[in-house]
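# Notes for the structure review
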Amino acid sequence: SPHPQTLPSPHLLQVPRLALRRRLTALKGGVSRPATWRHRPISFLCYILSVSALRPLACRVALYRSFPTRLLSRAWGRLNGVELPTWLRKPIYSLYIWTFGVNMQEAAVEDLHHYRNLGEFFRRRLKPAVRPLCAASCLTSPADGRILHFGRVKNSEVEQVKGVTYSLENFLGPQKRQYSSSSSSFRDDILSSPDSDLFHVVIYLAPGDYHCFHSPTDWRVELRRHFPGSLMSVNPGVARWIKELFCLNERVVLTGQWQQGFFSLTAVGATNVGSIRIYFDQELQTNTPRYSKGSFHDRSYIADQTVKFAGEGGVTLQKGEAVGEFNLGSTIVLLFEAPKDFSFNLQPGQRIRVGEGLGSL
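Residues numbered from 1 in each chain as written. Predicted model: local features only at pLDDT ≥ 70, side-chain atom pairs only at ≥ 80, totals over all residues. Heavy atoms only, no water.

### Looking at the packing of aromatic side chains
For any two aromatic rings, the description comes down to two numbers: the centre-to-centre distance and the angle of the planes. Summed over the entire model, instances satisfying the criterion amount to 23 aromatic pairs. Judged by centre distance (5.3 Å) and plane angle (80°), the ring pair of Phe-336 and Phe-342 falls under edge-to-face. Per residue, the accessibility class of Phe-336 equals that of Phe-342, and both read buried. If you follow Arg-251 out to its NZ or CZ, it ends over the ring of Phe-227, 3.9 Å from the centre. (Phe/Tyr/Trp six-rings, centres within 6.5 Å; stacked < 30°, edge-to-face > 60°. Buried < 20%, exposed > 50% of the residue type's maximum accessible area, 1.4 Å probe, protein only. Lys NZ or Arg CZ within 6 Å of the ring centre and 35° of its normal.)

What follows is the structure, given as structure tokens:
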């Protein structure tokens, strides 16, 4: 007679599970460890990416990129505009404040009943005195957030996080040549002087941060370039997975000149941050239902009479002036020309606020 089948020992059943748990724990960031409630959304996203740990990295990235993040972001944008009943506003906003650590004492209006919908609450203004400008620095932070990376641009490649780069040319798009040189480097082509260098700063805005961004210096905006694209998360944990993430995501690039030469400020979109608004440009429409992959749309501000504050040389911005806003939180990238002795007064990962100094000459 056939031998009776016996069930495996419970200890044997646990071995594959323990092995998988160890692999997940070994991944960068330790995504399998319990997370605090404030970090659960990001932990869940990282878990989704790592649950297929036996697959190649390219498969996991492809899986994440297949998510309909643009559609989700448009749905989120419509939800943000729904007016909430007065009695429901305080409980919902209080939950958000507790989850993301929002400091409402800095808000111009602290009464939660004042904000009719989520969008108004996300884009709340601050009291004038809570963000003083650093007069000693020629360059100040355009946003509240965390410093992801900063330094000189080398070989026309920029680091989005340490060790993960993106192409400067893919990020900014084609630029006009500033001066004649035998060098074919894209970085060198946008510099106005061979004695200058190109620097960059990446600032990550978390959902609980102040959502508006400001002019980091006195400068003149000559061109707006809008790149439609994906709306993947720009959280540092995701940025380590996906090379050229900032080139894949939707973004609005403002380029022009400051006292040292080339200057650009780029607002990078992210999941649930499809709405990027530039206050002086009412034509800008982001996260539209259809777009051509790899396309971009230019608008010159030089001698454009339809743009507020535009003169013959473009839109003039003063240091600290409000420029635009995100719908939830995202990333600001500064790329600028400066003398070779320019030095940053920053540390990687540090918290920074609007108006605080970034560096000095």
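### A few points about the confidence of the model for the chain
Confidence along the chain averages 77 in pLDDT terms, with 69% of residues attaining 70 or more. Predicted confidence in the chain is weakest over helix 1 (residues 10-26), with a mean pLDDT of 46, and strongest over strand 1 (residues 139-140), with 95. Counting contacts from residues 51-55, a segment whose pLDDT is below 50, to residues more than four positions away or on other chains yields six contacts. (pLDDT = per-residue confidence, 0-100. Helix = DSSP H or I, 4+ residues; strand = E, 2+ residues; numbered from the N terminus. Contact = heavy atoms within 4.5 Å.)

### Re the UniProt feature "active site" (unreviewed entry) in the chain
Mapped onto this structure's residue numbering, the UniProt feature "active site" (unreviewed entry) falls at Asp-144, His-214 and Ser-330. A maximum C-alpha distance of 14.1 Å is found for the annotated residues, which run over 187 residues; spatially they form one tight group. One can find Asp-144 in the loop between strand 1 and strand 2 (145-152). A relative accessible area of 5% means that Asp-144 is categorised as buried. Asp-144 has contacts with Arg-131, Ile-203, Tyr-204, Leu-205, Asp-209, Tyr-210, Ile-352, Arg-353 and Val-354, leaving out every residue within four places of it along the chain. A distance of 2.5 Å separates a polar atom in the side chain of Asp-144 from a polar atom in the side chain of Arg-131. One can find Ser-330 in the loop between strand 14 (322-326) and strand 15 (331-339). (UniProt positions renumbered as here; feature names shortened; annotations may be inferred. Polar contact = N/O pair within 3.5 Å; in protein donor to acceptor, adjacent residues only side chain to side chain.)

### A few points about the nonpolar core
Phe-213, Leu-254, Ile-332 and Phe-336 are the most contacted members of the largest nonpolar core, which totals 35 residues. For this core, the secondary structure elements donating two or more residues are strand 5 (196-204), strand 7 (219-227), strand 8 (251-258), strand 9 (261-268), strand 10 (276-278), strand 13 (314-317), strand 14 and strand 15. With four residues, the top contributor of residues to this core is strand 15. In contact with Phe-336, other than residues within four places in its own chain, are Leu-139, Asp-197, Leu-198, Phe-199, His-200, Val-201, Trp-258, Phe-262, Phe-263, Phe-342 and Phe-344. (Core = buried A, V, L, I, M, F, W, Y, C linked by side-chain atoms within 4.5 Å.)

### Description of the pattern of salt bridges
As enumerated under the stated definition, the model contains 19 salt bridges in all. For Glu-106, the salt bridge is made with Arg-353, and the minimal N-O distance between the two is 2.7 Å. Residue Glu-106 is located in the loop between helix 5 (86-100) and helix 6 (118-122), and its partner Arg-353 is located in the loop between strand 17 (351-352) and strand 18 (357-360); the two are separated by 247 residues in the primary sequence. Its relative accessible area of 34% is what places Arg-353 among the partly exposed residues. (Salt bridge = Lys/Arg side-chain N within 4 Å of Asp/Glu carboxyl O.)

### Here we look at the pairing of strand 9
Across the eight residues of strand 9, eight count as buried, placing the element largely inside the fold. The pairing of strand 8 with strand 9 spans eight bridges and is antiparallel. Residue pairing across strands places Val-253 opposite Thr-266, the latter belonging to strand 9. In sequence, strand 8 turns back onto strand 9 through a hairpin of two residues. Note that strand 9 and strand 15 share six bridges and pair antiparallel. Following the sheet pairing, Ala-267 is matched in strand 15 by Ile-332. (Pairing = 2+ DSSP bridges.)

### As for the UniProt feature "modified residue: Pyruvic acid (Ser)" (unreviewed entry) in the chain
Under the UniProt annotation, "modified residue: Pyruvic acid (Ser)" (unreviewed entry) lies at Ser-330. Overall, Ser-330 belongs to the buried group, its relative accessible area being 0%.

### Examining the sheet that holds strand 1
Taken together, the three strands give an open sheet; going across it, the order is 1-18-16, and neighbouring strands pair in antiparallel fashion. Unpaired on one side and paired on the other, strand 1 and strand 16 (343-344) mark the two borders of the sheet. Where strand 16 meets strand 18, two bridges bridge the pair, whose relative direction is antiparallel. Residue pairing across strands places Ser-343 opposite Ser-360, the latter belonging to strand 18.

### Here's the deal with the side chain of Thr-99
Topologically, Thr-99 is positioned in helix 5. For Thr-99, a relative accessible area of 15% translates into the label buried. Polar contacts involving the side chain of Thr-99 include one to the main-chain carbonyl oxygen of Leu-95, which spans 2.7 Å.

### Structural notes on the environment of Asp-218
Examined against the element boundaries, Asp-218 turns out to sit in the loop between strand 6 (212-214) and strand 7. Taking the relative accessible area as the measure of exposure, Asp-218 reaches 44% and is therefore partly exposed. Taking C-alpha positions, Asp-218 is 8.5 Å from Gly-320, a pair spaced 102 residues apart along the chain. Discounting chain neighbours no more than four positions away, the residues touching Asp-218 are Trp-258, Leu-317, Gln-318 and Lys-319. At a separation of 2.7 Å, a polar atom in the side chain of Asp-218 contacts the main-chain amide nitrogen of Lys-319.

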